[in-house]
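# A look at the structure
Letter by letter, the chains look like this.
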Amino acid sequence: MQSDKSRGRIADASLLRVVVDQFVERPAHPIGDIKQFEQLALGLIDLLDAGSVARVVRPLCFYAETPRTIFARLFEKGGACAELALAFAPSLPREHLLATARQGEPALVRALAQRTDLDREMVDALALRGERETLRALAANWSAHLDTAARRALVLAARDDITLARILLDRGDRAIEPEALFLAATRLERTGIILNACRRALSSGHMEMRQAEPGFVSRLESAALRRDRDAMAALLADALDCRKERARAVVSDSQGEALALALAALGVDPDAATRLFLCADPAIAHDVERVRALVALVRSTPQRAAMQLVAAMTGAAKGERDAPRRLSARDEGAAASAWRRALPRAETVRKFDQSA
């Protein structure tokens, strides 16, 4: 049975909702009405908890005639009210916003990332914080202009956050290269990403195919036969010189295309790839057409294109340096040269991953 105090709070919240709804219904108000609303709303806000107030007063954030004292009181109340005011209150001092972006609490910073009036310095400060929810909010803010540094920070973080990667793809920002976001892409988007990579690889000249070391392939097949994804990820992480969790994401890709590209990049022959797909994932293994399509992807993707895509997905930075150790000894020099030509931006990727 509800106490009198609880019933009173419910009544106050209902009254505040009615007052707010009536106030925002009209496009303009006489000065006297605004003053009357201000006095009543501030009194009710003081009586309620921050969560209840934030749920009720949100329409005021998008109403031109909302008194500035309302936003000031929301900031004072803190919690969800302060977050709401920080996200939507008009004409806040720039120095206050920038200081919050650099040093504010994560919840407030996440709210700040939703503002439509962020300037370049604020966006860069938000992107450099590296907090998952803040980065997602910033990426989802289509009003925010992302410069090169901000895009790099977001794409780097998106390798480890598939939700962020999907948000970035949905932005439709042509300046964001989608290769690093491959794992979050739809099947149609993946087709376009692969075709573009193949087009670039074929236009940049011939690259001699290199085959993976038989011992590595044998160990990978053995792990696949045991359906030991952890062991497969460890082997791929070592071969690609990337983080194990990123290699695990490649192995765990439900469509199998990321693993197919990794096998193509490492020079695993189609027969071995077939055996891997028939063992690694039951959902793929039981779909004959899917296995055939993945093997065809391994067979048809130029190794240079596969290497570039996998490097972008995993942040593999030293593949061009370590690849010769995984290939036949007699071709070490030529292989090293081929990997360097295939990954002209590897030095840039390495710089990004120093903080990853």
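Residues numbered from 1 in each chain as written. Predicted model: local features only at pLDDT ≥ 70, side-chain atom pairs only at ≥ 80, totals over all residues. Heavy atoms only, no water.

## Let's talk about the packing of aromatic side chains
To be explicit about the condition: Within 6.5 Å between ring centres, the rings of Phe, Tyr and Trp (the latter by its six-membered ring) count as paired, and their orientation is classed by plane angle as stacked under 30 degrees, edge-to-face over 60, tilted in between. Working definition: helices are DSSP H or I runs of at least four residues, strands are E runs of at least two. Numbering for both runs from the N terminus. Each residue gets one of three labels from its accessible area relative to the maximum for its type: buried under 20%, exposed over 50%, partly exposed in between, using a 1.4 Å probe on protein chains only.
The full count for this structure, using the stated rule, is three aromatic pairs. An angle of 70° between the planes, with centres 5.2 Å apart, marks the rings of Phe-23 and Tyr-63 as edge-to-face. Of this pair, Phe-23 sits in helix H1 (residues 4–25) while Tyr-63 is found in the loop between helix H3 (50–57) and helix H4 (68–77), placing the two residues 40 residues apart along the sequence. Judged by relative accessible area, Tyr-63 falls into the buried class, the value being 11%. What links up through ring pairs into an aromatic cluster is the set Phe-23, Phe-37 and Tyr-63.

## Focus: helix H12 (residues 187–203)
Here is the rule: In this analysis, the expected span of each helix is defined as 1.5 Å times one less than the number of residues it contains. Throughout, a contact is declared for two residues whenever any of their heavy atoms are within 4.5 Å.
Under the 1.5 Å per step criterion, the end-to-end length of H12 is 24 Å for 17 residues, consistent within 8% with the ideal 24 Å. Structurally, H12 contributes buried residues whose contacts are with helix H16 (257–266), helix H19 (288–300) and helix H20 (303–314). Of the residues trailing H12, Gly-205 is marked for its positive phi of about 105°.

## Considerations on the pattern of salt bridges
Here is the rule we go by: When a carboxyl oxygen of Asp or Glu lies within 4 Å of a side-chain nitrogen of Lys or Arg, that pair is called a salt bridge.
Within the structure shown, the criterion is met by 28 salt bridges. Put simply, Arg-200 and Glu-179 hold a salt bridge, and the shortest N to O gap is 2.7 Å. Within this pair, whereas Arg-200 is found in helix H12, its partner Glu-179 is found in the loop between helix H11 (162–171) and H12, the two being separated by 21 residues in sequence. Given the relative accessible area of 35%, Arg-200 is considered partly exposed. Through salt bridges that share partners, Arg-94, Arg-102, Asp-119 and Glu-121 make up one connected network.

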